[in-house]
Amino acid sequence: MRSSALISGALAVLLLVFVAVGWSPLLSLDRSVADELHRSALAEPGFTHANRLLSDWVWDPWTTRALIAAAVLVLWWRRERWLALWVTAATLFAAGVQQGLKAAVGRPRPGWPDPVDSAHYAAFPSGHAMTETVGCGLLLWVLALHWRETWRGWSVLAVAAVVSVLGVGWTRIYLGVHWLSDVVAGWLLGWCVVAVSIVTYRLYGDRWDERDKGSAGRADPPGPDGSRMGETT
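Residues numbered from 1 in each chain as written. Predicted model: local features only at pLDDT ≥ 70, side-chain atom pairs only at ≥ 80, totals over all residues. Heavy atoms only, no water.

Q: Before we go on, may I ask you to explain helix H3 (residues 45-58) in this structure?
A: Helical geometry: 3.6 residues make up each α-helical turn, so side chains three or four residues apart lie on a common side. Here H3 is 14 residues long and its end C-alpha atoms lie 19 Å apart, about the 20 Å a rise of 1.5 Å per residue gives. Taken together, the buried positions of H3 are occupied by Thr48, Asn51 and Ser55. Buried residues of H3, seen end-on, are gathered within an arc of 60° and therefore sit on one face of the element. Facing away from the buried side of H3, by more than 90 degrees, are the exposed residues Gly46 and Trp57. (Helix = DSSP H or I, 4+ residues; strand = E, 2+ residues; numbered from the N terminus. Expected span 1.5 Å × (residues − 1). Buried < 20%, exposed > 50% of the residue type's maximum accessible area, 1.4 Å probe, protein only. Arc of directions from axis to C-beta.)

Q: Would you take a moment to explain helix H5 (residues 81-105) for this structure?
A: Under the 1.5 Å per step criterion, the end-to-end length of H5 is 36 Å for 25 residues, consistent within 8% with the ideal 36 Å. If you check which residues of H5 are buried, you get Leu83, Ala84, Trp86, Val87, Ala90, Thr91, Ala94, Gln98, Leu101 and Lys102.

Q: So what exactly am I meant to see when it comes to a nonpolar patch on the surface here?
A: A contiguous nonpolar surface patch, about 380 Å² in accessible area, is contributed by Val13, Val17, Val21 and Trp23. Structurally, Val17 can be placed in helix H1 (residues 2-21). (Patch = residues over 30% accessible without salt bridge, like charges linked within 9 Å, V, L, I, M, F, W, Y side chains within 5 Å. Areas by Shrake-Rupley, 256 points an atom, 1.4 Å probe, with all protein chains shown as cover. Salt bridge = Lys/Arg side-chain N within 4 Å of Asp/Glu carboxyl O.)

Q: Is there a simple way to explain the nonpolar core in this structure?
A: As a rule of thumb, nonpolar side chains are buried together in soluble globular proteins. With 22 residues, the main nonpolar core has Val87, Leu138 and Trp141 as its most contacted residues. Counting only elements with at least two residues in this core, the list comes to helix H4 (61-77), H5, helix H6 (127-147) and helix H8 (180-217). At seven residues, H5 tops the list of elements feeding residues into this core. Beyond its immediate chain neighbours, meaning those up to four positions away, Trp141 contacts Leu83, Trp86, Val87, Ser197, Ile198 and Tyr201. (Core = buried A, V, L, I, M, F, W, Y, C linked by side-chain atoms within 4.5 Å. Contact = heavy atoms within 4.5 Å.)

Q: In this structure, what is going on with the packing of H4 against H6? I would like to understand it.
A: Between two packed helices, the angle of one axis relative to the other and the distance separating the axes together describe the packing. Contact geometry for H4 and H6: axes closest at 9 Å, N-to-C directions at 25°. Taken together, the axes of H4 and H6 lie roughly parallel to each other. The element H4 and its partner H6 pack so that their crossing is left-handed. Across the interface between the two elements, Pro61, Thr64, Arg65, Leu67, Ile68, Ala71 and Leu75 from H4 touch His128, Thr131, Glu132, Gly135, Leu139, Val142 and His146 from H6. Looking at the contact of H4 with H6 residue by residue, the class counts come to seven nonpolar, five polar and two charged. (Axes fitted to C-alpha atoms, helices over the stretch in contact; angles between N-to-C directions. Parallel < 35°, antiparallel > 145°, perpendicular 65-115°, else oblique. Left-handed = near helix turned anticlockwise from the far one by under 90°. Nonpolar A, V, L, I, M, F, W, Y, C, P; charged D, E, K, R; others polar.)

Q: Please clarify how unusual backbone geometry should be interpreted in this entry.
A: As a rule of thumb, non-glycine residues mostly have phi less than zero, and peptide bonds are mostly trans rather than cis. Following Phe124, the chain continues into Pro125 via a peptide bond in cis, with omega recorded as -5°. Even without being a glycine, Arg79 presents a positive backbone phi close to 65°. Relative to the helices and strands, Arg79 resides in the loop between H4 and H5. Here the phi dihedral of Tyr121 falls at roughly 70°; this positive angle occurs in a residue that is not glycine. Structurally, Tyr121 is set in the loop between H5 and H6.

Q: Looking at this model, I keep getting lost on the pattern of salt bridges. Mind explaining?
A: Side chains carrying opposite charge are able to pair once their charged atoms draw close together. On inspection of all chains with the given rule, the structure shows six salt bridges. Through salt bridges with shared partners, a single network forms among Asp30, Arg107 and Asp182.

Q: Is there a simple way to think about the packing of aromatic side chains in this case?
A: In this description, an aromatic ring pair is defined by two values, namely the gap between the centres and the angle between the planes. For the coordinates displayed, the defined rule picks out five aromatic pairs. Measuring from ring centre to ring centre gives 5.5 Å for Trp86 and Tyr201, while their planes differ by 75°; the resulting arrangement is edge-to-face. You can see Trp86 sitting in helix H5 and its partner Tyr201 sitting in helix H8, a full 115 residues away along the chain. Each member of the pair, Trp86 as well as Tyr201, carries the same accessibility label: buried. Arranged with centres 5.4 Å apart and planes meeting at 80°, the rings of Trp141 and Tyr201 form a pair that is edge-to-face. With a gap of 60 residues between them, Trp141 in helix H6 and Tyr201 in helix H8 connect regions that are remote in the sequence. In terms of burial, Trp141 and Tyr201 fall into one category: buried. Lying across the ring of Trp112, Arg31 places its NZ or CZ 5.5 Å from the centre. A cation sits over an aromatic face here: Arg65 above Trp62, 4.6 Å from the ring centre. (Phe/Tyr/Trp six-rings, centres within 6.5 Å; stacked < 30°, edge-to-face > 60°. Lys NZ or Arg CZ within 6 Å of the ring centre and 35° of its normal.)

Q: When you look at the side chain of Ser55 in this model, what are you seeing that I'm missing?
A: Looking at the element boundaries, Ser55 is found in helix H3. By relative accessible area, Ser55 is classed as buried at 0%. A distance of 3.5 Å separates polar atoms of two side chains, one belonging to Ser55 and the other to Thr171. When near neighbours in sequence (up to four residues on either side) are disregarded, Ser55 contacts Asp60, His128, Thr171, Arg172 and Leu175. (Polar contact = N/O pair within 3.5 Å; in protein donor to acceptor, adjacent residues only side chain to side chain.)

Here you go:
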């Protein structure tokens with residue numbers, strides 16, 4: 001996992017440099033992909049509408065954030081407070097990195113005389129792609145910590161997460177609101193955040209959760225009949 005974090009982070013930085021300096025081979029690739037997909041979007045209005053529904057509702061960043069918030073509440077209720085805080089901090093950190101890079105790079109979005117969709121703020125990196133990667137990665141990690149060995153539906157969820165991450169990137173390019181390199185950067189940065197979160201939690205967070213659970217279990221000494229203080233029989 002450490003090597004995964006380093007590789008994804010290094011590739012994201014390299015892509016950032018290429019975009020910032022305007023490396024012509026990358027810009028040419030971005031333009032050719034965007035032009036080809038825009039022609040397809042104009043020619044297939046039904047398929048374009050389906051992509052808009054997926055991008056703006058199913059894979060919208062706020063939909064993903066709502067799922068993360070629900071997971072955090074469940075973890076807090078289960079007394080896994082440090083894991084809940086870890087997931088929250090990773091999500092907020094990813095949002096901060098995303099918005100900071102958008103402001104710093106200030107890359108214009110693709111411009112069209114006949115757009116099929118619109119979006120605000122700068123293009124690099126793709127917020128949809130980064131948020132979906134972080135959200136799916138963190139949610140799969142939390143599920144793997146608890147139910148991977150016992151729940152047969154795990155593989156279905158893993159496939160759904162991969163489809164969501166790849167799918168949202170496709171919709172953003174197809175709808176002409178992002179360049180290909182914006183989406184790839186969002187994937188790389190998102191996975192880097194997830195990998196770093198997992199590595200650091202393994203080093204520190206799981207110990208603190210176990211300590212807190214142990215403290216909670218020792219909080220009420222057993223009574224004469226073997227029950228905990230405060231328990232009713």
